[in-house]
Amino acid sequence: MAVETSPPTPPWNDPARPLATRVASLIEAMTLEEKTAQLYGVWVGASAQGDEVAPHQHDMEEAVDLTALMPTGLGQLTRPFGTAPVDPALGALSLHRTQSRIVAANRFGIPALAHEECLAGFAAWGATAYPVPLSWGATFDPETVRRMAAAIGRDMRSVGIHQGLAPVLDVVRDARWGRVEETIGEDPYLVATIGTAYVQGLESAGIIATLKHFVGYSASRAGRNLAPAAIGPRERADVLLPPFEMAVREGGARSVMHAYNDNDGVPAAADRQLLTGLLRDTWGFDGTVVADYFGIAFLKTLHGVAADWAGAASTALTAGVDVELPSVKTFGEPLVQAVKDGRIPESLIDGALSRVLHQKAQLGMLDPDWDPVPAALRGTDLDDPDALRGKVDLDPPSNRELAREMAEKAVVLLSNDGVLPLAAPRRIALVGPNAAEATAVLGCYSFPMHVGVQHPDVPIGIDLPTFHAALAAEFPDADITLAHGTGIDDGDLSGIDAAVDAALDADLVIAVLGDRAGLFGRGTSGEGCDTESLVLPGAQQQLLDALLDSGRPVVTVLLAGRPYALGRAADESAALVQSFFPGAEGTRAIAGVLSGRTNPSGRLPVSVPRSPGAQPTTYLGARLAQASDVSNIDPTPAFGFGHGLSYTTFAWSDLTVASRQASTEDEFTIAFTIRNTGDRAGTEIVQLYLHDPTASVVQPVQRLVGYSRVSLTPGEARRLHLTVPADVASFTGHDGHRIVEPGDLEFRLASSSTAAHLTATVTLTGPVRVVDETRRFHATFVQQPVHDE
């Protein structure tokens, strides 16, 4: 009697085999069409009834027949949750059903990798809206950012998402750029450390983090979106690239998204020296390079470096782009034809495919027991969609607590004449276009502002207390009069008189001003919402000036996506509070700062300009970028990078340097004491700046090379011990190599770029030393308690 035996497990489905062997065997078994199918995505939207996803129709792409594509397989599903408002449980069911169909349709049973935006939280209906990245930078707190990212990642994985399109590691070069809100700040070290922490958190949850935009997007001329970039090799190497390098080396990021811009005539998507030579060969990156949406097609339509779709596909693939997003345009039939015509070798496809399949294998998607049911739906009745509705909570109390912590740490107190914290005010005039606008705390890539605005009949999906409501809850005994004053950008002056009347009848005025996030001109901040000048949008400056003229103390609160020049208010406001789109808990966080319930500890990740037209400028300017007698434009900021006040005071003292000389391959040891000299607990952000007085190429006057949050109770002191490697003084020399030069240096211990408290003058000795990607990135800080006699 014959004994039935199970067919042997294909090598690519055998978890016991080495991953490289599994991937290689699968590639060998695939046809050309099956290979290319793994290199593109399809933009879909989950079904509100839990049915399969449907292709999303977009004016930049032709209709896609998902059914026709499935037999050869599918590399990615683009934004199943972030395309339309869908109950999270039904979205997860819709994704599950689609994945089951994809697996059944292709002969290797390979599921699609699903990706989503997660710039300020998971971009899904009903998910927690966290502060935008510019607020992450304001916290100077990588650990809290890491925890936030892990929470975001867990929510995404629970409903079947594998890849997140964040963080943005572009360094701000011109604050007129609309996407400033998406960045972490204007300093590469701050962007690098905060961004790397976000990557670590996301990756810890099993989500592939995607670094963007590689590289130069934020350095566009005149701050215009999707415009040419004017970047010299040193600016690229020393300012724009370090955040990506750190996120690859220390963060373990598994994906990189190319930028839209060209630099010196070479589009990033066509730059083999960048995407292969630097990223892969030098840095050792072994993950996937994905296209920014429609970026490969742009090689033909916008850049003019390809004559047809096959040429665009060939150019991008040769440069090092592995995956076309958001949908199939060039990596489908045009790429297949380019191989058949001999325009590109099939080996290039095999290289990209190997990286794509490697990640799917890492995620367990090639294992025989891979389960398409996402964790959030396991143990539920998948045949009863109505019973599932409301069963997945993407905005639980633990998320809100983390959002609150982030928002509180990100509030920056710019100025204060003593009016704050408020002592039980009796009559408050609450004025301004953002005073009673629930969505004023949200950035452009939050779900309500990115997608929800296109569905006005659908509830927002999360609790968003207005500033008015938060203030009333914080000061329940106050008489609060609300006056709109003017709109965000309508220029309407008709309500200013009423706002002034409200001010005259009050003891205190709180003016809540700033931005409205949007896309492509539908807002004052966000993608495609660039500005010609850093004047407050619309008639907000006129409103603010009229309130200052009332004679009542004015507390100016900014809910914005970029810094603005505030005119007289920079000097005449009783207090200035800056918040960069602080998320769902933002209004409560700001109200807590006003009352003194929270002692502010946020610091500026971008300078606040004094003049609205002195752009582009950042604190990283060289000597010629500073104010001078030979130009009538003064770029000096009203409030510099790193600035922020507290309700307590700190004293810095007792600086010691173990040795004031070290070789170019050694390090310095510095120590000093910081004491809370006020009457309440507070946090100082210790910032370490490097000043290189003489170098072989021009250097910025100073740059951040380290920082540490120091929390102290009244009277408490800590001794901070810093180890500063010579590597942090490295820069790109004349020949393009990164070097450490001998010579004098200053390490400035400061509370901001404009407030140095202690300075250690040291000297590097020995020969010029060339350093590479293995150099040390960080100065280390060790805090020890000081026991007073």
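Every chain is numbered on its own, with residues counted from 1 as its sequence reads. The model is predicted, so local features are restricted to residues of pLDDT at least 70 and side-chain atom pairs to those at 80 or more, both for listing and for counting; the totals for chains, interfaces and linings are taken over all residues. Excluded from the side-chain calculation are hydrogens and water; included are all heavy atoms of the structure.

Draft legend 1. Region of the structure containing the overall build of the chain. Secondary structure elements follow DSSP: runs of H or I of four or more residues count as helices, runs of E of two or more count as strands, with numbering from the N terminus. The secondary structure content of the chain amounts to 22 helices and 30 strands. Dimensions of the chain along its principal axes, counting C-alpha atoms only, are 95 × 70 × 55 Å. Classification of the 789 residues of the chain by burial places 62% in the buried group. Each accessible area value is a Shrake-Rupley result obtained with a 1.4 Å probe; residue values ignore everything except the protein chains displayed when judging cover. Looking at the chain as shown, the accessible area adds up to about 27,900 Å², and 50% of this sits on carbon and sulfur atoms. Each residue gets one of three labels from its accessible area relative to the maximum for its type: buried under 20%, exposed over 50%, partly exposed in between, using a 1.4 Å probe on protein chains only.

Draft legend 2. Representation of the sheet that holds strand 27 (residues 743-752) in the model. The mixed open sheet is built from five strands, whose spatial order is 20-28-27-22-23. Edge positions in the open sheet fall to strand 20 (661-663) and strand 23 (703-712), since each of these has one partner strand only. On average, each strand axis in the sheet is tilted by 30° relative to the strand beside it, whichever way the strands run. Relative to strand 28 (residues 755-765), strand 20 is paired through three bridges, and the arrangement is parallel. Residue pairing across strands places Gln661 opposite Thr763, the latter belonging to strand 28. For two strands to be treated as a pair, DSSP must find at least two bridges joining them. Angles shown run from 0 to 180 degrees and are taken between the N-to-C directions of axes, each axis being a line fitted to C-alpha atoms and, for helices, limited to the stretch in contact.

Draft legend 3. The arrangement of the packing of aromatic side chains in detail. In summary, the pairing rule links any two rings of Phe, Tyr or Trp, Trp by its six-membered ring, whose centres are within 6.5 Å, and it sorts them by plane angle into stacked for under 30 degrees, edge-to-face for over 60 and tilted for everything else. Applying the stated criterion across every chain, the model contains 17 aromatic pairs. Considering the side-chain rings of Trp12 and Phe108, the 5.4 Å spacing of their centres and the 80° angle between planes classify their relative orientation as edge-to-face. Here Trp12, found in the segment before helix 1 (19-29), pairs with Phe108, found in the loop between helix 4 (88-105) and strand 4 (113-116); they are 96 residues apart in sequence, far enough to count as distant. Owing to a relative accessible area of 15%, Trp12 belongs among the buried residues under this scheme. For Phe108, a relative accessible area of 11% gives the class buried. Aromatic side chains Tyr260 and Phe298 sit 5.5 Å apart centroid to centroid with 50° between the ring planes, which places their arrangement in the tilted category. With a gap of 38 residues between them, Tyr260 in the loop between strand 7 (255-258) and strand 8 (262-263) and Phe298 in helix 11 (residues 295-301) connect regions that are remote in the sequence. Here the two residues Tyr260 and Phe298 agree in accessibility, since each one is buried. Linked through ring pairs, Phe140, Tyr189, Tyr619, Phe641, Tyr689 and Tyr707 together constitute an aromatic cluster. Distance and angle both matter: a charge sits over a ring if NZ of Lys or CZ of Arg is within 6 Å of the ring centre and within 35 degrees of the ring normal. Of note, Lys212 hangs over the ring of Tyr445, and the distance from its end group to the ring centre comes to 5.6 Å.

Draft legend 4. Structural context of a negative patch on the surface. Here the term patch refers to residues with relative accessible area over 30% and no salt bridge, with like charges joined within 9 Å and nonpolar side chains (Val, Leu, Ile, Met, Phe, Trp, Tyr) within 5 Å. By definition here, a salt bridge exists when the distance from a side-chain nitrogen of Lys or Arg to a carboxyl oxygen of Asp or Glu is within 4 Å. His is not counted, nor are the chain ends; Lys and Arg add positive charge and Asp and Glu add negative charge. The atoms used to mark charge sites are NZ of Lys, CZ of Arg, CG of Asp and CD of Glu. On the surface, Asp381, Asp383, Asp384 and Asp386 cluster together into a negatively charged patch. Within the secondary structure layout, Asp381 lies in the loop between helix 14 (346-362) and helix 15 (385-388).

Draft legend 5. Region of the structure containing the environment of Gly551. Mapped onto the elements of the fold, Gly551 is located in the loop between helix 20 (540-549) and strand 15 (554-560). Once the C-alpha coordinates of Gly551 and Thr439 are considered, the two residues, 112 residues apart in sequence, prove to be 31 Å apart.

Draft legend 6. Inspection of the pairing of strand 11 (residues 412-416) at higher detail. Burial of strand 11 is extensive: four of the five residues sit out of reach of the surface. Pairing analysis gives four bridges linking strand 11 to strand 16 (residues 575-580), with the strands arranged antiparallel. Looking at strand 16, one finds that Leu413 is bridged to Val577.

Draft legend 7. Expanded view of the packing of helix 6 (residues 142-158) against helix 7 (residues 188-204). Their axes nearest at 7 Å, the elements helix 6 and helix 7 cross at an angle of 35°. Crossing handedness for the pair helix 6 and helix 7: right-handed. Contact residues: Pro142, Val145, Arg146, Met148, Ala149, Ala150, Ile152 and Gly153 in helix 6; Thr193, Ile194, Ala197, Tyr198, Gln200, Gly201, Leu202 and Ser204 in helix 7. By convention, the crossing between two helices is left-handed when the near helix turns anticlockwise from the far helix through less than a right angle, and right-handed when the turn is clockwise. By definition in these notes, contact holds between two residues if any of their heavy atoms fall within 4.5 Å.

Draft legend 8. Structural view of the nonpolar core. In this text, buried Ala, Val, Leu, Ile, Met, Phe, Trp, Tyr and Cys residues form a nonpolar core when linked through side-chain atoms within 4.5 Å. Counting 188 residues, the largest nonpolar core has Phe122, Tyr198 and Phe214 as the members making the most contacts within it. At nine residues, the largest contribution of residues to this core is made by helix 7. Residues in contact with Phe122, not counting those within four places in the same chain, are Phe81, Glu116, Glu117, Ala127, Thr128, Ile152, Asp155, Met156, Val159, Ile161 and Leu394.

Draft legend 9. The arrangement of helix 12 (residues 309-319) in detail. Most of helix 12 is tucked away: eight of the eleven residues are buried. Buried within helix 12 we find Ala310, Gly311, Ala312, Ala313, Ser314, Ala316, Leu317 and Ala319. Against the buried residues of helix 12 lie helix 10 (272-282), helix 11, helix 13 (333-340) and helix 14. Just downstream of helix 12 lies Gly320, where phi reads positive at about 130°.

Draft legend 10. Region of interest: the sheet that holds strand 3 (residues 76-78). In spatial order, the strands read 2-1-3-4-5-6-7-10; together these eight strands make up an open sheet with mixed pairing. With partners counted over all chains shown, the strands left at the sheet margins are strand 2 (54-55) and strand 10 (288-290), one partner each. Sheet topology places strand 5 (residues 163-164) next to strand 6 (residues 208-214); two bridges connect them, and they run parallel. Looking across to strand 6, one finds that Gln163 is bridged to Ile208.

Draft legend 11. Examining the side chain of Gln702 more closely. Residue placement: Gln702 occurs in the loop between strand 22 (682-691) and strand 23. A polar contact of 2.7 Å, which involves the side chain of Gln702, links it to the backbone oxygen of Ser753. With near-sequence residues (within four places) excluded, Gln702 lies in contact with Tyr619, Leu620, Tyr689, Leu690, Arg748 and Ser753. Throughout this description, a polar contact denotes any pair of N or O atoms lying within 3.5 Å of each other; where both atoms belong to protein, one of them has to be capable of donating a hydrogen while the other can accept it, and for residues adjacent in sequence the pair is counted only when both atoms sit in side chains.

Draft legend 12. Expanded view of the pattern of salt bridges. With the rule as written, the count across this model stands at 47 salt bridges. For Lys35, the salt bridge goes to Glu346, with nearest N and O atoms at 2.8 Å. Here Lys35, found in helix 2 (residues 32-37), pairs with Glu346, found in helix 14; they are 311 residues apart in sequence, far enough to count as distant. Residue class for Glu346 comes out partly exposed when judged on its relative accessible area of 32%. Measuring nitrogen to oxygen at the nearest pair gives 2.9 Å for the salt bridge that ties Glu585 to Arg400. Of this pair, Glu585 sits in the loop between strand 16 and helix 22 (586-595) while Arg400 is found in helix 16 (residues 397-410), placing the two residues 185 residues apart along the sequence. In this structure Glu585 comes out as buried when scored by relative accessible area, which is 8%. Judged by its relative accessible area of 11%, Arg400 falls in the buried class.

Draft legend 13. Representation of the side chain of Ser607 within the structure. Structurally, Ser607 is set in the loop between helix 22 and strand 17 (608-609). Here the side chain of Ser607 touches Glu186 through a polar contact of 2.9 Å, side chain to side chain. For Ser607, the contacting residues outside a window of four places in its chain are Glu186, Pro563, Tyr619, Pro637, Phe639, Gly640 and Phe641.

Draft legend 14. The arrangement of the packing of helix 1 against helix 14 in detail. Interhelical geometry of helix 1 versus helix 14 gives an angle of 125° and a closest axis separation of 9 Å. Here helix 1 is positioned oblique relative to helix 14, judged by the angle of their axes. At the point where helix 1 passes helix 14, the crossing takes the right-handed sense. Facing Leu19, Val23, Leu26 and Ile27 of helix 1, the residues of helix 14 in contact are Asp350, Leu353, Ser354, Leu357, His358, Ala361 and Gln362. When residue character is reported, Ala, Val, Leu, Ile, Met, Phe, Trp, Tyr, Cys and Pro are called nonpolar, Asp, Glu, Lys and Arg charged, and the others, Gly included, polar. The class makeup of the residues in the contact of helix 1 with helix 14 is seven nonpolar, three polar and one charged. Working definition: roughly parallel below 35 degrees, roughly antiparallel above 145 degrees, roughly perpendicular at 65 to 115 degrees, and oblique for all remaining angles.

Draft legend 15. How the structure looks around helix 8 (residues 233-240). Within helix 8 the residues assigned to the buried category are Arg236, Val239 and Leu240. For helix 8, the arc enclosing every buried residue in end-on projection is 105°, short of the 170-degree limit, so these residues lie on one face. Contacts made by the buried residues of helix 8 are with helix 7, helix 9 (242-249) and helix 10. For this quantity, the arc is that covered by the directions from the helix axis to the C-beta atoms.

Draft legend 16. Structural context of the state of the cysteines. A pair of sulfur atoms, both from cysteines and within 2.5 Å, is called a disulfide here. Scanning the entire structure with this criterion turns up zero disulfides. With no disulfide partner, Cys118 has as its closest neighbouring cysteine sulfur the one in Cys444, 14 Å distant. Note on Cys118: relative accessible area 0%, which makes it buried. This cysteine, Cys529, is not joined by any disulfide, and Cys444 carries the nearest cysteine sulfur, 6.7 Å off. In this structure Cys529 comes out as buried when scored by relative accessible area, which is 3%.

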